[in-house]
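# Examining the three-dimensional arrangement
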Amino acid sequence: MKKRFTQVALVTCTALCASMLPTAAVPMSAEAATKNVVVCIDPGHGGSNLGAQYNDLQEKDLTLQIANAMYAELTKYEGVTVVMTRTTDAELSLSDRAQIAKNNQADFLYSIHLNASSEHNLYGSEVWTSGFGEMYAKGQAFGKIETAELSSQIGVYTRGVKTKLSEASNMSRDYYGVISAATSLNVPSVIIEHCYMDEAHDTGFYMEEGDLEAFGKADATAVAKYFGLKSTALGVDYSTYVKEEVAAPALPVAQDLTPPETAAITVTQYDAATRTAKLHVLAKDSGSPIIYYSYSTDSGASWSVLCGWTANGEGDISVVLPENSNGTITLAVYNNYDLCTISNTVTVY
Ligand SMILES: [Zn+2]
């Protein structure tokens, strides 16, 4: 039997308190004055909209399981009302999802997803948010907490918190429908892409018993930190948690449309016995962080899997040249919009 999720109009704590206060009321405690938070969880896809499909699993089922776990965990906190856009395998439009959040006076809409890429080579978590004003500021602030939770609690690589505007609309609205719809209703929203279903780095994060529950708990913890919630049942108190404040931008924040500006390598050392080259790498992109590199040891005929890159601007890496290498190394660096720049080629031997 499924839990009964509310989609009814909510009477907030503050509204009740205000209507019951006598005129000469004693001052309310800080706790009592705290506004009740309304959180809307949106399990992505559903019905004939299956989402990504890999390893005999459908994204629409996984998102519902993550959402159920997120719901169960969040309802252990005080001062929060949690609603869901769907609790069954129902088909909902993107604007329906945003409207449910609005109808429940939600303070935030969290759309739950798993990712896949056309080349099956990407891995990690990412959060998408609106590019506009306060919606951007709130989405960014939450996204930083969320990706940090997924990294620290589960070990998912962080791809970042990003915006994407619709080029078809001349960048006048958000590209992703659920975010665009929520923004037009003035509801802060994010799409949480927990990990990739189609890449070996990430398959260990969602296919085993308990994995999806762990995602849901991490999501709930991020929400609790963002809103400063506490839970007697869980024995945690985030009321003093300090989140990074993000300023609302004056202009819409668009996606990065250009690849990294700099990708340059020099050989600093080569050990012939182990066929290991040490390289110094300059990798810069003024528009977005660089998150991966891959290398070729045959002048670009073939490339390694993507390796994580967290250094800021420059760093050092080691490459082992296989027996069939022609003695050269070329690097490709990728920003977090997956745009790539190829470096110079160095001759190692
Ligand atoms: Zn999805």
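Every chain begins its residue count from 1, and numbering advances along the sequence as written. In view of the model being predicted, local features appear only for residues whose pLDDT reaches at least 70, and side-chain atom pairs are presented and counted only at 80 or more, with totals across whole chains, interfaces and linings using the full set of residues.

On to the overall build of the protein chain, then. Secondary structure elements follow DSSP: runs of H or I of four or more residues count as helices, runs of E of two or more count as strands, with numbering from the N terminus. Assigned secondary structure in the protein chain consists of 8 helices and 17 strands. Counting every position in the protein chain, which comprises 349 residues, the buried fraction comes to 43%. The burial label depends on the number of other C-beta atoms within 10 Å of a residue's C-beta. Counts of 20 or more mean buried, 12 or fewer mean exposed, and intermediate counts mean partly exposed, with C-beta atoms placed from the backbone.

In contact at an axis separation of 7 Å, helix 3 (residues 59–74) and helix 8 (residues 211–227) are set at 50° when each is read in the N-to-C sense. In terms of orientation, helix 3 lies oblique with respect to helix 8. Crossing handedness for the pair helix 3 and helix 8: right-handed. Contact residues: L62, Q65, I66, A67, N68, A69, M70, E73 and L74 in helix 3; L212, E213, F215, G216, K217, D219, A220 and V223 in helix 8. To obtain an axis, a line is fitted to C-alpha atoms, over the contacting stretch when the element is a helix, and the angle between two such axes runs from 0 to 180 degrees between their N-to-C directions. Angles are sorted into four bins: roughly parallel if under 35 degrees, roughly antiparallel if over 145, roughly perpendicular if 65 to 115, and oblique for all others. Definitions for this section: a left-handed crossing has its near helix turned counterclockwise from the far helix by less than a right angle. A right-handed crossing has that turn clockwise. Note on contacts: each residue gets a C-beta atom placed from the backbone, and two residues are in contact if those atoms are within 7 Å.

Here we have 4 strands laid out as an open sheet, ordered 14-13-16-17, and antiparallel in their pairing. Here the strands that pair on one side only, and so sit at the sheet edges, are strand 14 (307–308) and strand 17 (340–347). When strand 16 (residues 328–335) meets strand 17, the two strands line up antiparallel, connected through 6 bridges. Within the sheet, the bridge partner assigned to T330 lies in strand 17 and is T345. One bridge is not enough; two strands pair if DSSP finds at least two bridges between them.

Adjacent strands of a sheet pair through backbone hydrogen bonds, lying either parallel or antiparallel. Taken together, the 3 strands give an open sheet; going across it, the order is 11-12-15, and neighbouring strands pair in antiparallel fashion. Two strands in the sheet have a free side with no partner beyond their single neighbour: strand 11 (262–271) and strand 15 (314–320). With direction set aside, neighbouring strand axes in the sheet form an average angle of 25°.

Right, let's talk about helix 8 for a bit. Multiplying 1.5 Å by the helix residue count minus one yields the expected span of that helix. Across its 17 residues, helix 8 extends 25 Å between first and last C-alpha, which sits within 8% of the 24 Å expected from 1.5 Å per residue. Phi turns positive, to about 65°, at G228, one or two residues after helix 8.

Tracing the backbone through its elements, the reader meets E167 in the loop between strand 7 (158–163) and helix 6 (177–184). Taking the number of C-beta atoms within 10 Å as the measure of exposure, E167 has 11 and is therefore exposed. For the pair formed by E167 and Q255, sequence separation is 88 residues and the distance between their alpha carbons is 10.0 Å.

A positive phi angle, close to 65°, is found at N186, a residue other than glycine. Relative to the helices and strands, N186 is located in the loop between helix 6 and strand 8 (189–196). The residue D338 is not glycine, and still its phi comes out positive at about 65°. Relative to the elements of secondary structure, D338 occurs in the loop between strand 16 and strand 17. We classify D338 as partly exposed; it has 16 C-beta atoms within 10 Å.

For the purposes of this analysis, a nonpolar core is taken to be any set of buried Ala, Val, Leu, Ile, Met, Phe, Trp, Tyr and Cys residues that are connected through C-beta atoms within 7 Å. The biggest cluster of nonpolar side chains holds 60 residues, and the ones touching the most others in it are V39, I41 and L109. For this core, the element with the highest residue contribution is helix 8, accounting for 9 residues. Among all residues touching L109, those that are not within four sequence positions of it are C40, D42, A98, A101, A182, V187 and S189. Listed in part, the 20 residues of the second largest apolar core include L279, V319, V333 and Y334.

With that settled, the discussion passes to helix 4 (residues 94–103). Of all the positions in helix 4, only R97, A98, I100 and A101 are classed as buried. Buried residues along helix 4 cover an arc of 155° about the axis, so they all sit on one side. The inward-facing, buried residues of helix 4 contact strand 1 (37–43), strand 5 (108–115) and helix 6. Immediately downstream of helix 4, the backbone of Q105 shows phi near 55°, a positive value. To obtain the arc, one takes the directions from the helix axis to the C-beta atoms.

Taken across its 8 residues, strand 8 has 8 buried, putting it largely inside the fold. Note that strand 6 (residues 125–129) and strand 8 share 4 bridges and pair antiparallel. Its bridge partner being in strand 8, T129 is matched across the sheet by V190.

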